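Here is how the chains run, residue by residue.
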Amino acid sequence: MRIYDVITKKKHGEALTEQEIRFFVSEYTAGNIPDYQVSSLLMAICLKGMNDEETYILTDAIARSGDSVDLSRFGALTADKHSTGGVGDKTTLIVAPLAAALGCKVAKMSGRGLGHTGGTVDKLESFPGYRVALSPEEFISQVEKIGIAVIGQSGNLAPADKKLYALRDVTATVDSIPLITSSIMGKKLAAGSHSIVLDVKCGSGAFLKTPEDAEILAKNMVRIGRMCGRNTMALITNMDVPLGYAVGNSLEVKEAIATLKGEGPKDLTEICLALASSMAHLALGISFDEAEKRARELLYSGAALRKFKEWICAQGADPDYVDNTQMFKGSLYEVPVYATEQGYVAGMDAEAIGVAAMVLGAGRRTKDDVIDHAAGIVLKKRHGDAVKPNDVLAILYTDKKDSIADAEKIFRGAIRFSLDAVAEEKIIYAKVTGA
Ligand code: URA
């Protein structure tokens, strides 16, 4: 088989065969096809699309390109979640222990942040001593004992995606529904859970800007997940504004702990309850309403918080940090940003706020940057709030004095005011259970 012929076929909009798809994935992963030919094929896929059968095979080929986690001993109880990425998205810190308290087995691999979006592994490393790398035996044994373990993604999980994604990133081929679907679902399949709940974000802080685009992707991922034999559903959620008030690693951990104490922001609490209930609905076979009722009880009774402590303690962190969040390292500079005008907060560009937090040290411009776990932004005003001059809009946290002016400028540019009151934004746009 020649890759040239596969490219030509897709250029003419023809469907690729299973053999052709598996050939290009395995030969590219093995280093036997050059980047320039695969770039050309990716662009042809971007422009001509892929049908469900092709997307399913591509997803399966990506999933099988490296290691996979065998969670079969837990039967159908395993449940995973995936967020397409956003600003202030600390949901895994709340949803994972809540789902475990509900009775799901949560054996989760998470990623690091890049650019304006954060990553769960970085947030967890705000706890000194938290071990993001466990041996496969430790990982499984912890899930067996306490129902939850969250580690960094293993180096050889879906290596085909690692190569393809890096190439897509520099060839303007990220925004293709079949390519995004196979990339995300390929990794989720390899990670082994039987049930998968997708949090598909849309808005200024997400890579999909409209609920319509998010729905197309969500439906596609749910369909392909089911074709691959996994119980899959999706929520389409708002990422026009950051989730909650905190953006930055330990700042977000503190907000997650408050949420597990039943004192979290409304939007964050609502999304977490919906995600954990969806996981329990799929994995435990109970109705969504019953799952949500139980999730609410476990959140407000402190059971989910206890599970959180058990989890981080099992992975080497000191649970006293949960009771006394002052123990987290602070910042040298805590700088309030004051309002200069009267009105209502009518818009918050989540991506720009993520970039401002990155400038303060909370995120990475390139994947080798070192982050400051204490850095970031805590919003004091959110979408819809009334503001008058000298009100504090946010507090910037950093150790880098010379980043403050830049971050403040970016942050101010992210906020839009209106003289008229603005309607509250919807948090969850839709639930996709089948397609
Ligand atoms: N996230 C992924 O993991 N893959 C994509 O293609 C897009 C977002």
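Residues numbered from 1 in each chain as written. Predicted model: local features only at pLDDT ≥ 70, side-chain atom pairs only at ≥ 80, totals over all residues. Heavy atoms only, no water.

Novice: Which residues make up the overall build of the protein chain, and what values go with them?
Specialist: Within the protein chain, the secondary structure is distributed over 17 helices and 13 strands. Since a compact globule built from 435 residues should have a radius of gyration of about 22 Å, the 22 Å found for the protein chain is in line with a globular shape. Considering only C-alpha atoms, the protein chain reaches an extent of 70 × 45 × 40 Å along its principal axes. The contacts of the protein chain with a sequence gap of at least 6 include a subset with a gap of at least 24, amounting to 79%. Taken as a whole, the protein chain presents about 17,600 Å² of accessible surface, with 50% of it coming from carbon and sulfur. (Helix = DSSP H or I, 4+ residues; strand = E, 2+ residues; numbered from the N terminus. Rg over C-alpha atoms; globule rule 2.2 N^0.38 Å. Contact = heavy atoms within 4.5 Å. Areas by Shrake-Rupley, 256 points an atom, 1.4 Å probe, with all protein chains shown as cover.)

Novice: Would you mind going over the sheet that holds strand β10 (residues 386-387) in detail, with residue names and values included?
Specialist: Read across the sheet, three strands follow the order β10-β8-β12 without closing on themselves; strand pairing throughout is antiparallel. For this open sheet the edge positions go to β10 and β12 (415-418), each flanked by a neighbour on one side alone. Sheet strands in contact with helix α17 (residues 404-414) are β8 (343-348) and β12, and its direction is about 40° off that of β12. (Pairing = 2+ DSSP bridges. Axes fitted to C-alpha atoms, helices over the stretch in contact; angles between N-to-C directions.)

Novice: Any details on the packing of helix α1 (residues 3-11) against helix α3 (residues 35-48)? Residues and values, ideally.
Specialist: In the contact formed by α1 and α3, the axes pass within 8 Å of each other and the chain directions differ by 20°. With respect to their mutual orientation, α1 and α3 come out roughly parallel. Judged by the twist between their axes, the crossing of α1 over α3 is left-handed. Contacts between α1 and α3 pair Ile 3, Tyr 4, Val 6, Ile 7, Lys 10 and Lys 11 from the former with Gln 37, Ser 40, Leu 41, Ala 44, Ile 45 and Lys 48 from the latter. (Parallel < 35°, antiparallel > 145°, perpendicular 65-115°, else oblique. Left-handed = near helix turned anticlockwise from the far one by under 90°.)

Novice: Describe in detail the state of the cysteines, supporting the description with residues and values.
Specialist: Taken as a whole and assessed by the stated rule, the structure comprises zero disulfides. Free cysteine: Cys 202, not disulfide-bonded; nearest cysteine sulfur from Cys 272 at 17 Å. (Disulfide = S-S within 2.5 Å.)

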